[in-house]
Structure formats: C-alpha cells, structure tokens
Amino acid sequence: MTKHLLSLWDFTREELTGYLNLAATLKQESKNNVRHQQLAGKTIALVFEKPSTRTRVSFESAMYGLGGQVIYLSGRDTQLARNEPLKDMARVMARYVNGLVIRTYGQEIVDELARYSSVPVINALTDLHHPCQILSDIQTVIEKKGAVDKLHIAWIGDGNNMANSWIQAASRLGFALTLACPEGYDPDPEILAKARAEAARPITVVRDPAAAVADADVINTDVWASMGQEEEQEKRIKVFQPYQVNGGLLAKAKAGAIVLHCLPAHRDEEITDEVLEGSQCVAWDQAENKLHIHKAILLTHLG
Ligand code: CP
Ligand code: NVA
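Numbering of residues starts from 1 in each chain and follows the order in which that chain's sequence is written. Each chain gets a letter, beginning with A, and each ligand a number, beginning with 1, in the order they are written. Given that this is a predicted model, residues contribute local features only at a pLDDT of at least 70 and side-chain atom pairs are listed and counted only at 80 or more, while totals for whole chains, interfaces and linings are drawn from all residues. Excluding hydrogens and water, the side-chain values take into account all heavy atoms of the structure.

**Section: the layout of surface pockets**
With a 1 Å grid laid over protein atoms only, a set of points is called a cavity when a 1.4 Å probe fits there but cannot get out and a pocket when it is open yet has protein on both sides within 12 Å along at least five of seven lines; lining residues have an atom within 4 Å of a point. Grid points are joined across faces, edges and corners, and a volume is the space filled by probe spheres set on the points. Computed from the structure, the largest pocket encloses a volume of approximately 590 Å³. Taken together, 37 residues line the largest pocket, and the ones lying closest to its centre are Leu 125, Asn 161, Val 223, Ser 226 and Met 227. Helix and strand definitions here come from DSSP, where helices need a minimum of 4 consecutive H or I residues and strands a minimum of 2 consecutive E residues; each element is numbered from the N-terminal end. Residue assignment for the lining of the largest pocket shows that the elements contributing at least two residues are helix 2 (54-65), helix 6 (161-173) and helix 9 (233-240).

**Section: the sheet that holds strand 5 (residues 152-156)**
Strands pair, by our definition, only if DSSP identifies at least two bridges between them. The strand order across the open sheet formed by five strands is 7-6-5-8-9, and the pairing between neighbours is parallel. Edge positions in the open sheet fall to strand 7 (203-206) and strand 9 (258-261), since each of these has one partner strand only. Neighbour-to-neighbour, the strand axes of this sheet turn through a mean angle of 20°, independent of strand direction. As defined by bridge partners, strand 8 (residues 218-221) adjoins strand 9 across four bridges and the pair is classed as parallel. Each residue of the ladder has a partner; that of Val 218, found in strand 9, is Ile 258. Working convention: axes come from line fits to C-alpha atoms, limited for helices to the stretch in contact. Angles between N-to-C directions cover 0 to 180 degrees.

**A few points about the nonpolar core**
Put simply, a nonpolar core is a bunch of buried Ala, Val, Leu, Ile, Met, Phe, Trp, Tyr and Cys residues held in one set by side-chain atoms that sit within 4.5 Å of each other. Throughout this description, buried means an accessible area under 20% of the type-specific maximum (1.4 Å probe, protein chains only), exposed means over 50%, and partly exposed covers the range between. By size, the foremost hydrophobic cluster in this structure holds 56 residues, and its most contacted members are Ile 138, Trp 166, Phe 175, Leu 177 and Leu 298. By residue number, the principal contributor to this core is helix 6, which donates seven residues. Of all hydrophobic cores here, the second largest spans 24 residues; its members include Ile 156, Ala 212, Leu 263 and Ala 265.

**A closer look at the sheet that holds strand 3 (residues 99-103)**
With parallel pairing, the four strands of this open sheet are ordered in space as 2-1-3-4. Where the open sheet ends on each side, the last strands, each with one partner, are strand 2 (69-74) and strand 4 (121-123). The average angle at which neighbouring strand axes cross in this sheet is 20°, direction not considered. Bridge analysis of strand 1 (residues 43-48) against strand 3 gives five bridges, and the strand direction is parallel. Residue Val 47 lies in a different strand from strand 3, and its bridge partner there is Ile 102.

**Some thoughts on the side chain of Glu 269**
On the secondary structure map, Glu 269 appears in the loop between strand 9 and helix 11 (273-276). The charge count treats Lys and Arg as positive and Asp and Glu as negative. His and the chain ends do not count. Between Lys or Arg on one side and Asp or Glu on the other, a salt bridge is scored when a side-chain nitrogen of the former is within 4 Å of a carboxyl oxygen of the latter. Among buried Asp, Glu, Lys and Arg side chains, Glu 269 stands out as unpaired, with Arg 236 the closest opposite charge at 10 Å. There is a polar contact of 3.2 Å between the side chain of Glu 269 and the side chain of Gln 233. By definition, residues are in contact when any of their heavy atoms lie within 4.5 Å. If near-sequence neighbours (up to four positions away) are discounted, Glu 269 is found in contact with Trp 224, Gln 233, Ile 237 and Gln 244. Whenever two N or O atoms come within 3.5 Å, that pair is a polar contact, provided that in protein one can donate a hydrogen and the other can accept it, and provided that, for residues adjacent in sequence, both atoms are side-chain atoms.

**Here's the deal with the site of ligand 1**
With respect to spatial proximity, the complete set of residues near ligand 1 consists of Ser 52, Thr 53, Arg 54, Thr 55, Arg 103, His 130, Gln 133, Cys 262, Leu 263 and Lys 290. With respect to ligand 1, the side chain of Ser 52 contributes an N or O atom lying 2.6 Å from an oxygen atom. The contact in question runs from a nitrogen atom of ligand 1 to an N or O atom on the backbone of Leu 263, over 2.9 Å. The pocket occupied by ligand 1, as judged from atoms lying within 2 Å of grid points, is the largest pocket. Note that Gly is not counted as nonpolar here; it falls among the polar residues with everything else outside the nonpolar set of Ala, Val, Leu, Ile, Met, Phe, Trp, Tyr, Cys and Pro and the charged set of Asp, Glu, Lys and Arg. In terms of residue class, the shell around ligand 1 is built from two nonpolar, five polar and three charged. To be near a molecule or strand, a residue needs just one of its heavy atoms within 4 Å of it. A molecule is said to be in a cavity or pocket once over half of its atoms fall within 2 Å of that pocket's grid points.

All quantities given are derived from atomic positions and should not be read as evidence of function.
In structure tokens, the structure reads:
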C-alpha cells in the first residue's frame, strides 16, 4: 500500500523513531563520505505553492544525494493555478514520478492528492502541519540532549502549523510540552484534544511565557505571522510582543536549555538577535538536519 506522510498522526512511536535513527545513520555516513545510490532511477516532483529555502533545497539535495532526480514546480507553473481538479493532477503525476512533495495552504489539498495518488505524497508544510520539520527538530534535540522522551519542551508564540505538529510529536514520543500562546492564537483544538487523550505526559497551553519555560530543556519559537498571514503582520506584532524569546526569558529556563527556531526568523520580533546568535541556539544544526531527515523520509517512502 502507498505510504503517505501527511501529518505525524500517520505514524506510530516506532515509525517516528525509525526515521530519526535512519537520519542519524545517514548523517554519520555522509560525514564519512559514503555515497548513496538507493534511489537511482527514481524521480520526485516538488510542487510548492508557498516560498521555501530550506525545505526545497534540502529535499532536492537529499534526493540527488540518494542517486535520484527532482522536478520542481511552483504552484503557478502547473494547471492547479487554473483549477485543474486535484484528483486529476494526482493520478497524472503518479504516471511520471515516484513521489510528490507538496507545500501548500489547506491540509485538505494534500489529503485529497494522497487519496488519488498511487505514489507517496509528502507534506512539506500546510497551514495546519509541518511534519517533516518537526522530525528534523527532534533529531537535533536528540543530538544535543541524548533522548527526547524525558524532556520538557516549551513552545512560545503562535499556535500555528509548527505548534500543531509539535503537539502530535509530544503525544507519540512521550515528552512533556508546554505552549505559551496569546488568547485567540491557540493551537488547533482537535489536534490538542486527540493528542492529550493519547499522551503519556502533559501537553499544556498557558498564557504566560515565563511559566512555559520554567524547567524547560528546549525552547522553541517561530514567526508571529506565517505564510499567508502577511496582512495580519502589524496586528500580530502588537499581540505577540510579550512572547518574544529573549535573554530574560531564556534565563528562566533550565541552565543549558537549547533554543530551536525552524527559520526563517524575524530578528527582534519572535526572537532577539542575541538569542538567535547565542551559544544556546541550535538553529543551524537544526537546519542541516532537514537534509538528513528528508533523506530518511525519501528512503522510507520510496526505497
Ligand atoms: N523551516 C522551513 O520550512 O524553511 P523554508 O520555508 O525555507 O523551507
Ligand atoms: N509557521 C511558518 C513556518 C515556516 C517554515 C509558516 O507557515 O510560514
């Protein structure tokens, strides 16, 4: 059966651990100059309806690094821009390529493509989820802290696609998660309810960022206005001001806490330049790990 990656709900704890272990092995092998060719003769299409630096380049580099080929299409290059039905696009693309990596707006778009696609569909960000990103983030946490399940992770800021995927990961992987979000900007309530029903440790939403980072091993943030919310930027800057990750907030976490940011960052909005450039921030290793986790994803789904 075709195995898609639409959200982290699609996977058990063992499957998520499988991606993480495989990514760690591939990273070590690539540092040792091992050449991979497992996807030679295979092609993926990247269909991106939103901008991307990291996800696009790391998926492309991952596929080439496994011996495969990539076709990149921006949304406006395809007949989707002229309202071709998704179910037609999905069935046609599956005749040409071995996998589809999609970045788009509504989660229903990737779900619909997956329903009709006989090749794997991989979610490279929707308004609701950013599952591949959270896997590379957790790979980074494991590298720095040894394991993730005993940790307390704090999310500061918007209850957005990243927050939703972190909630799913907490429920499947067993770490404690506290999210500090302003009123009106909470994570998706259905995801939260399902995650809490399954979770071994607390998943809590608070209003006070200081309460969220107390005893935190990991502090995580993201832009205040995500792609597609540009017109809300000014209003959000006012609402989110108390949610900035700065030196004062970092001092309230555990000594040695690490700071994650999926990037791109808006310096001195959600995170100060000082913290982003500081010794506790691991955003650059986190960005590198997108390459290794994307290799693991491509091998698992297309190999
Ligand atoms: N973190 C992330 O997804 O970055 P891009 O938008 O550059 O792909
Ligand atoms: N929440 C951000 C993540 C960017 C990688 C967005 O959707 O724009």
